[in-house]
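Overview (structure and organization)
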Amino acid sequence: MQRKIHGQMSESFLIAGILSISGGLQDAYTYMYRGKVFANAQTGNIVLLAQNLVDRNWQAVLRYFSPLLSFALGVAMAECIRMKYQKAQKIHWRQLVLATEILLLFAVGFLPNAIDLLANAMVSFACAMQVQAFRKVNGYAFASTMCIGNLRSGMEALCAYGKTKDKKILRKSGYYFGIIFLFAVGAALGGHMIGYIGAKTIWISCTILLISFLCMFIKEEKEEHPEIMEEEQEIRDNLKNIRKEARDVEHILEDDIRSQIEKK
């Protein structure tokens, strides 16, 4: 019989899916509304930075360098939060990352296009915190703010399933393609809503992240595999037998030493 155990929700598919919707929306928001800058896809920013650097277009260089630097600082901030609050009992350190991200993105919604440079820097900072803090879904590495790694891992798992027919591997592939699909949903939602609410579109991302924050108070129930339970029980039994044998050997040695002393 399988036993239920409780784990953190932060690595569940539910949280990963919600964060991916938010990640897609953020990328669409900065690219379509904030001057064609990527909030998450820093590879694209590096390409555009290099191109404008060669052309000596210094204003554009600053536009693309700013989110790059902010992304790096966001990673550092997430790590600082993890190191300081990893052992916190009342709240998970990843929830603190989400709370910080929500506050930053909420502030971005008030910024006019005249200061897109600051807005993009803040969104990139928030994205970096998210991608650094949430890196696994059901034990598999993933990214909630970009797709290239997820696409590679999904296809790799799909090819492996074609060879092994292992349903666990097929499920792994499904996780990755599901994350990609939800990222696209977020991007479509963001692109569509920009025409209606403009700068405040980023507040939709805040709402999505708040849902993730609240969900993380729930302990996820997981089924512990019976074969793992059997192996653990076998290990415990073996250790128990080893300790018993060690005590028996100790008693034998004590008796032998006592008899040797008595002979003398």
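Residues numbered from 1 in each chain as written. Predicted model: local features only at pLDDT ≥ 70, side-chain atom pairs only at ≥ 80, totals over all residues. Heavy atoms only, no water.

Further remarks concern the overall build of the protein chain. When helices and strands are counted, the protein chain shows 9 helices and 4 strands. Start at the N end of the protein chain and walk to the C end: the helices and strands fall as β-α-α-α-α-α-β-β-α-α-α-β-α. For the protein chain, buried positions account for 39% of its 264 residues. Counting contacts in the protein chain only where the partners sit at least 6 residues apart, residues at least 24 apart contribute 74% of the total. For the protein chain, the exposed area adds up to about 15,500 Å²; of that, 64% sits on carbon and sulfur atoms. (Helix = DSSP H or I, 4+ residues; strand = E, 2+ residues; numbered from the N terminus. Buried < 20%, exposed > 50% of the residue type's maximum accessible area, 1.4 Å probe, protein only. Contact = heavy atoms within 4.5 Å. Areas by Shrake-Rupley, 256 points an atom, 1.4 Å probe, with all protein chains shown as cover.)

Let us now look at the packing of helix 1 (residues 13-33) against helix 8 (residues 202-215). Orientation of helix 1 relative to helix 8, taken along the N-to-C sense of each, is 165°, at an axis distance of 9 Å. Taken together, the axes of helix 1 and helix 8 lie roughly antiparallel to each other. In this structure, the crossing between helix 1 and helix 8 has a hand that is left-handed. Note on element contacts: helix 8 touches helix 1 through I202, I204, S205, I208, L209, I211, S212 and C215, opposite L14, I15, I18, L19, I21, S22, L25, Q26 and Y29. For the contact of helix 1 with helix 8, the per-class residue count stands at 13 nonpolar, 4 polar and no charged. (Axes fitted to C-alpha atoms, helices over the stretch in contact; angles between N-to-C directions. Parallel < 35°, antiparallel > 145°, perpendicular 65-115°, else oblique. Left-handed = near helix turned anticlockwise from the far one by under 90°. Nonpolar A, V, L, I, M, F, W, Y, C, P; charged D, E, K, R; others polar.)

A surface patch of nonpolar side chains, about 310 Å² in accessible area, is lined by L151, M155, L158 and L170. Broken down by element, the residue count for the nonpolar patch peaks at 3 residues, all from helix 6 (residues 148-164). Along the chain, M155 turns up in helix 6. (Patch = residues over 30% accessible without salt bridge, like charges linked within 9 Å, V, L, I, M, F, W, Y side chains within 5 Å. Salt bridge = Lys/Arg side-chain N within 4 Å of Asp/Glu carboxyl O.)

It is worth spelling out the UniProt feature "transmembrane region" (unreviewed entry) in the protein chain at this point. With numbering matched to this structure, UniProt assigns "transmembrane region" (unreviewed entry) to residues 12-32, 61-81, 175-195 and 201-218. Secondary structure over residues 12-32 splits into 95% helix and 0% strand, and the C-alpha atoms at its two ends are 30 Å apart. The distance from the first to the last C-alpha atom of residues 201-218 is 28 Å, and the span holds 78% helix and 0% strand. (UniProt positions renumbered as here; feature names shortened; annotations may be inferred.)

Let us now look at unusual backbone geometry. If you check the backbone angles, R56 has positive phi at about 60° while not being a glycine. On the secondary structure map, R56 appears in the loop between helix 2 (42-54) and helix 3 (58-85). We classify R56 as exposed; its relative accessible area is 65%.

In this section: the packing of aromatic side chains. Counted according to the given criterion, the structure contains 7 aromatic pairs. Relative to F217, the ring of F213 lies with its centre 5.6 Å away and its plane at 85°, an arrangement referred to as edge-to-face. Residue F213 is classed as buried on the basis of its relative accessible area, which comes to 16%. We classify F217 as partly exposed; its relative accessible area is 47%. Following the ring pairs from residue to residue traces out a cluster consisting of F106, F110 and W203. (Phe/Tyr/Trp six-rings, centres within 6.5 Å; stacked < 30°, edge-to-face > 60°.)

So, on to the packing of helix 4 (residues 93-108) against helix 5 (residues 116-133). Between two packed helices, the angle of one axis relative to the other and the distance separating the axes together describe the packing. For the pair helix 4 and helix 5, interaxial distance at closest approach is 9 Å and the crossing angle is 165°. With respect to helix 5, the element helix 4 is oriented roughly antiparallel. Once helix 4 is placed against helix 5, the crossing between them reads as left-handed. Where helix 4 abuts helix 5, its residues W93, R94, V97, T100, E101, L104, L105, A107 and V108 lie against A119, M122, V123, F125, A126, M129, Q130 and A133. Here the residues of the contact of helix 4 with helix 5 sort into 13 nonpolar, 2 polar and 2 charged.

Across soluble globular proteins, nonpolar side chains have a tendency to be buried as a group. Ranked by internal contacts, the top residues of the largest apolar core, which has 31 residues, are I15, L98, L105, V108 and F134. For this core, the elements supplying multiple residues, two or more each, are helix 1, helix 3, helix 4, helix 5 and helix 8. Here this core gets 8 residues from one element, more than from any other, and that element is helix 5. With 7 residues, the next largest nonpolar core counts A16, V137, Y140 and I179 among its residues. (Core = buried A, V, L, I, M, F, W, Y, C linked by side-chain atoms within 4.5 Å.)

Within the protein chain, residue pLDDT values average 84, and 84% of them lie at 70 or more. Looking across the protein chain, the model is least confident in strand 1 (residues 3-8), with a mean pLDDT of 48, and most confident in helix 4, with 94. Scored below 50 in pLDDT, residues 1-6 makes 19 contacts in the model with residues more than four places away or belonging to other chains. (pLDDT = per-residue confidence, 0-100.)

A separate point is the side chain of Q95. Along the chain, Q95 falls in helix 4. Look past the residues within four positions of Q95 in its chain and what remains in contact with it is F213, M216 and F217.

The final tally for this structure, using the stated rule, is 3 salt bridges. Of the charged contacts, one joins D116 and R34 as a salt bridge, the two residues approaching to 2.7 Å between their closest N and O atoms. With D116 in helix 5 and R34 in the loop between helix 1 and helix 2, this residue pair connects regions lying 82 residues apart in the sequence. The class of D116 is buried, set by a relative accessible area of 14%. Among the residues examined, R34 registers a relative accessible area of 1% and is labelled buried. Of the charged contacts in the structure, one is a salt bridge between R82 and E79, with a shortest N-O distance of 3.0 Å.

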